[in-house]
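What follows is the residue order along each chain.
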Amino acid sequence: MKSEPFSVVVHAERRILEVRYPTRPTMEAFGAYEAEVRRAIEGLAKGGEWDCLVDQTALKALPPEFPPLIAKLNTWARGKGMRRTARVLSDSAIGELQTVRILKDAGVKDIGSAFKDRDSGWAWLTGK
């Protein structure tokens, strides 16, 4: 399977880290993503709290090896000032269950919320 990259964008003015998942994430792509997102978070953490917008609409469900890794990354991110996380999901019961589990396992359920479209997630994070 060809490895598709994750997209990582830092909206510095808004203090939002935006991530878009590929349609077929591989462990190789996740490794590169994790390194890139950790660097971005370290940079954001220097300025205090920040928010995260994760768009998973390109896939119905995550490969089974991903949720524990994502939960671990979210736990670390919260310790680095992540204030809130908005997860944008496709219309998939499995994806919704995985997201609830990730947020719970990461200890960030109280600061996370799921949305059906990017605009709703962005509005929740920015108050607009």
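Above this text sits the structure in question.
Everything quoted here is computed from the prediction, not taken from an experiment.

S.K.: When you look at the overall build of the protein chain in this model, what are you seeing that I'm missing?
M.R.: Looking only at helices and strands, the protein chain has four helices and five strands in total. For the protein chain, the succession of helices and strands along the chain, N to C, is β-β-α-β-α-β-α-β-α. Computed over its C-alpha atoms, the radius of gyration of the protein chain comes to 13 Å, within 12% of the 14 Å expected for a compact globule of 128 residues. Across its three principal axes, the protein chain shows a C-alpha extent of roughly 40 × 25 × 25 Å. For the protein chain, buried positions account for 45% of its 128 residues. Here the protein chain displays about 6700 Å² of accessible surface, and carbon together with sulfur accounts for 54% of that area. Once the 21 positive and 17 negative side-chain charges of the protein chain are each reduced to a mean point, those two points are 3 Å apart.

S.K.: Even after reading the chapter, I still don't get helix 3 (residues 93-106), so can you show me in this structure?
M.R.: Structurally, the α-helix is built with 3.6 residues per turn, so residues lying three or four positions apart point the same way. Look at helix 3: 20 Å from first C-alpha to last across 14 residues, which is about the 20 Å you get at 1.5 Å a residue. Within the span of helix 3, buried status applies to Gly95, Gln98, Thr99, Ile102, Leu103 and Ala106. Down the axis of helix 3, the buried side of the element spans an arc of 130°, and every buried residue falls inside it. Projecting away from the buried face of helix 3 at angles above 90 degrees are the exposed residues Ala93, Ile94, Leu97 and Lys104. Contacts from the buried residues of helix 3 go to helix 2 (66-79), strand 4 (82-88) and strand 5 (112-115). Taken from the residues just after helix 3, glycine 107 is the one with a positive phi, measuring 75°.

S.K.: It is not clear to me how the pattern of salt bridges should be interpreted in this structure. Could you clarify?
M.R.: Pairing between side chains of opposite charge can happen when their charged atoms approach one another. Inspection of every chain in the model, using the stated rule, returns eight salt bridges. The salt bridge partner of arginine 83 is aspartate 51, with a shortest N-O separation of 2.6 Å. Residue arginine 83 is found in strand 4, and its partner aspartate 51 is found in strand 3 (residues 50-55); the two are separated by 32 residues along the sequence. Looking at aspartate 51, the relative accessible area reads 3%, which means it is buried. Where salt bridges share partners, they join Asp51, Arg83 and Arg84 into one cluster.

S.K.: Mind showing me how you'd approach the environment of threonine 26 here?
M.R.: Along the chain, the position of threonine 26 falls in the loop between strand 2 (16-20) and helix 1 (27-45). Residue class for threonine 26 comes out buried when judged on its relative accessible area of 13%. The sequence separation of threonine 26 and proline 5 amounts to 21 residues, and the corresponding C-alpha distance is 8.6 Å. A distance of 3.0 Å separates a polar side-chain atom of threonine 26 from the backbone nitrogen of alanine 29.

S.K.: Would you mind showing me how to read the packing of aromatic side chains here?
M.R.: Given two aromatic rings, their pairing is described by the distance between the two centres and the angle made by the two planes. Summed over all chains, the structure comprises seven aromatic pairs. With 6.3 Å between their ring centres and 55° between their planes, tyrosine 21 and tyrosine 33 make a pair best called tilted. Pair noted here: tyrosine 21 is in the loop between strand 2 and helix 1 and tyrosine 33 is in helix 1, with a separation of twelve residues, a long-range link. Comparing tyrosine 21 with tyrosine 33 shows no difference in burial state: the two are buried. Three or more aromatic residues joined by ring pairs make a cluster, and in this case those are Phe6, Tyr21, Phe30, Tyr33 and Phe66. Over the aromatic face of tryptophan 76 sits the side chain of arginine 38, whose NZ or CZ is 4.4 Å from the ring centroid. The lysine or arginine in question, arginine 84, covers the ring of tryptophan 124, its NZ or CZ lying 5.1 Å from the ring centre.

S.K.: Sorry, what's going on with the pairing of strand 1 (residues 7-11) here?
M.R.: The side chains of a regular strand alternate between the sheet's two faces. Here five bridges tie strand 1 to strand 2, and the two strands are oriented antiparallel to one another. Note that in strand 2 the partner of valine 8 across the bridge is valine 19. Joining the antiparallel neighbours strand 1 and strand 2 is a turn of four residues, in which arginine 15 adopts a positive phi near 60°.

Thresholds applied
- Residues numbered from 1 in each chain as written.
- Predicted model: local features only at pLDDT ≥ 70, side-chain atom pairs only at ≥ 80, totals over all residues.
- Heavy atoms only, no water.
- Helix = DSSP H or I, 4+ residues; strand = E, 2+ residues; numbered from the N terminus.
- Rg over C-alpha atoms; globule rule 2.2 N^0.38 Å.
- Buried < 20%, exposed > 50% of the residue type's maximum accessible area, 1.4 Å probe, protein only.
- Areas by Shrake-Rupley, 256 points an atom, 1.4 Å probe, with all protein chains shown as cover.
- Lys, Arg positive; Asp, Glu negative; His and termini not counted.
- Charge placed at Lys NZ, Arg CZ, Asp CG, Glu CD.
- Expected span 1.5 Å × (residues − 1).
- Arc of directions from axis to C-beta.
- Contact = heavy atoms within 4.5 Å.
- Salt bridge = Lys/Arg side-chain N within 4 Å of Asp/Glu carboxyl O.
- Polar contact = N/O pair within 3.5 Å; in protein donor to acceptor, adjacent residues only side chain to side chain.
- Phe/Tyr/Trp six-rings, centres within 6.5 Å; stacked < 30°, edge-to-face > 60°.
- Lys NZ or Arg CZ within 6 Å of the ring centre and 35° of its normal.
- Pairing = 2+ DSSP bridges.

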